[in-house]
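Coordinate inspection notes
Each chain, letter by letter, is given below.
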Amino acid sequence: MVTIYESKPVHETKPVLSRRELLKRGGVGALLVISGSAVISPEHAWGLETSALKPETMATLIQMARDIYPHDQVPDKYYAIAVKAHDEQAGKDPAHKDLIEKGIADLDLKSGKDGYTGLGWEEQRVAVLRDIEDTPFFQAVRGGLVVGLYNQKEVWPIFGYEGESYSKGGYMARGFDDIEWL
């Protein structure tokens, strides 16, 4: 069975399209396809295989990550890499697996009949996240994203960050007052 989820951009201005309209237009946004134990983005040619968490859980974590740390210019694959650590940890720690799976189930329950990924507007998703921001589940996801997303050297150029300078002679020799990346 293949399930298709639409990863919604942060600054969405249009409602989610019906399946018929989506097929007619050829797709809007990044589509995430759930197939077996994988989350696949055919539009951007990447996939993420899951081993401990359900692929639907990973798709929801990717959308959740995009809503917690919204960057329109950062592709979904970097958010997927950032949340992959939860799948790896869930494979080693049954308590973490339970925390994530139950947290996603609770998130979907609070989101209504179509679940979190079915909410069409950023404001709706953020409102649900605000309701759970004090929970251990939310804090685990948010905390993992700080390191998982921003420590990926591949995203640094997107933000204009050149990386550490020690290996390149330090900041003094490279224009310590050049802060164009901020």
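Placed above this text is the structure.
Notes on the structure follow. (Residues numbered from 1 in each chain as written. Predicted model: local features only at pLDDT ≥ 70, side-chain atom pairs only at ≥ 80, totals over all residues. Heavy atoms only, no water.)

**What to know about the packing of helix α2 (residues 55–68) against helix α4 (residues 94–111)**
Note the following rule: In this analysis, axes come from line fits to C-alpha atoms, helices being fitted only over the stretch in contact, and the angle between any two N-to-C directions falls in the range 0 to 180 degrees. By the criteria applied, helices consist of DSSP H or I runs no shorter than four residues and strands consist of E runs no shorter than two, each listed in order from the N terminus. These descriptions rest on fixed angle ranges, namely under 35 degrees for roughly parallel, over 145 for roughly antiparallel, 65 to 115 for roughly perpendicular, and the rest for oblique. Crossings are sorted by hand: turned counterclockwise from the far helix by less than a right angle, the near helix makes the crossing left-handed, and turned clockwise it makes it right-handed. The contact criterion used throughout is that any non-hydrogen atoms of two residues lie within 4.5 Å. Lys, Arg, Asp and Glu make up the charged group, whereas Ala, Val, Leu, Ile, Met, Phe, Trp, Tyr, Cys and Pro make up the nonpolar group; the residues left over, Gly among them, are polar.
Between α2 and α4, whose axes approach to 10 Å, the crossing angle comes to 70°. In this view, α2 runs roughly perpendicular relative to α4, as classed from their interaxial angle. Between α2 and α4 lies a crossing of left-handed hand. Residue-level contacts link Thr57, Thr60, Leu61 and Met64 of α2 to Ile100, Glu101, Ile104, Leu107 and Asp108 of α4. Among the residues forming the contact of α2 with α4, the class breakdown is 5 nonpolar, 2 polar and 2 charged.

**A look at the nonpolar core**
Which entries qualify depends on this criterion: What is meant by a nonpolar core is a set of buried Ala, Val, Leu, Ile, Met, Phe, Trp, Tyr and Cys residues, joined one to another through side-chain atoms within 4.5 Å. For every residue, the accessible area (1.4 Å probe, protein chains only) is compared with the maximum for its type, and the residue is labelled buried under 20%, exposed over 50%, or partly exposed between those bounds.
If you look at the biggest cluster of nonpolar residues, it comprises 34 residues, and the most contacted ones within it are Leu61, Met64, Ile68, Leu107, Leu129, Val141 and Leu145. Residue contacts for Leu61: discarding those within four places in its chain leaves Leu53, Val83, His86, Ile100, Ile104 and Val141.

**Points about the pattern of salt bridges**
Heads up, the rule is: Salt bridges are defined by distance alone: a side-chain nitrogen of Lys or Arg within 4 Å of a carboxyl oxygen of Asp or Glu.
One pass over the structure, following the stated rule, counts 5 salt bridges. A salt bridge links Lys102 to Asp98; the shortest N-O distance between them is 3.4 Å. Placement of both Lys102 and Asp98 in helix α4 is noted, with a separation of 4 residues, approximately one turn of the helix.

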